[in-house]
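Tertiary structure, described
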Amino acid sequence: MNMLLTHPYAYPLLEVVHIVGLACLFGSLAVLELRLWGLAPVLPPGPLARLTLTVTWTGFALVVASGGLMFSTQPQELLANGAFRAKLVLLALAAVNAFVFHRRGGVARGDGPMRALGLLSLALWVGVIICGRWIAYA
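Predicted model only: the values in this text are computed from it and were never measured. (Residues numbered from 1 in each chain as written. Predicted model: local features only at pLDDT ≥ 70, side-chain atom pairs only at ≥ 80, totals over all residues. Heavy atoms only, no water.)

Here we come to the packing of aromatic side chains. Counting across every chain of the model gives two aromatic pairs. Seen in terms of ring centroids, W57 and F60 are 5.6 Å apart; in terms of plane orientation they differ by 90°. Their pairing is edge-to-face. Linking W57 with F60, this pair stays in helix α3 (residues 45–73), spanning three residues, or about one helical turn. Judged by its relative accessible area of 34%, F60 is partly exposed. Ring plane angle 15° and centroid distance 5.6 Å describe the contact between F71 and F84, whose orientation is recorded as stacked. Taken as a pair, F71 in helix α3 and F84 in helix α5 (residues 82–103) lie far apart in primary sequence, 13 residues in all. (Phe/Tyr/Trp six-rings, centres within 6.5 Å; stacked < 30°, edge-to-face > 60°. Helix = DSSP H or I, 4+ residues; strand = E, 2+ residues; numbered from the N terminus. Buried < 20%, exposed > 50% of the residue type's maximum accessible area, 1.4 Å probe, protein only.)

At a closest axis distance of 10 Å, the pairing of helix α2 (residues 10–36) and helix α7 (residues 112–134) adopts a crossing angle of 155°. In terms of their interaxial angle, α2 and α7 are classed as roughly antiparallel. For the pair α2 and α7, the sense of crossing is left-handed. Each of L22, L25, F26, L29, A30, E33 and L36 in α2 lies in contact with α7, whose residues at this interface are M114, R115, G118, L119, S121, L122, W125, V126 and I129. Class assignment for the residues of the contact of α2 with α7 results in twelve nonpolar, two polar and two charged. (Axes fitted to C-alpha atoms, helices over the stretch in contact; angles between N-to-C directions. Parallel < 35°, antiparallel > 145°, perpendicular 65-115°, else oblique. Left-handed = near helix turned anticlockwise from the far one by under 90°. Contact = heavy atoms within 4.5 Å. Nonpolar A, V, L, I, M, F, W, Y, C, P; charged D, E, K, R; others polar.)

Functional significance is not addressed by these values, which are geometric in nature.
The structure is reproduced here in structure tokens:
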């Protein structure tokens with residue numbers, strides 16, 4: 001039997017790590033997006049982007065590690081879950097969006113198309129969060 005399922009604190013602690021990672025990831029993206037849309041113009045976008053990217057990657061690593069371990073406890077059930085599959089699609093779209101954002105100059109450009117990609121990123125991550133919560137009810 002999987003220790004994550006038998007130990008009384010293992011799975012709940014993984015969920016906490018997952019939520020903390022998501023908070024770091026989404027929070028850092030939100031800060032950068034607010035800067036792209038003109039809030040706090042005194043903050044230089046380059047250094048802010050470098051700082052938030054570090055927090056974003058740390059959060060992403062926590063989410064991937066904890067999510068992978070949680071997935072390992074019930075892969076068949078999760079793959080059959082529509083909310084989980086939607087979450088995976090949204091994650092893939094968020095990855096493509098991030099690639100395009102950084103490939104096209106991202107924060108350094110800071111123009112309308114980059115703002116739109118940043119806003120799309122936040123919308124995709126909100127969708128990921130909603131689907132993640134919905135997994136238990138689908």
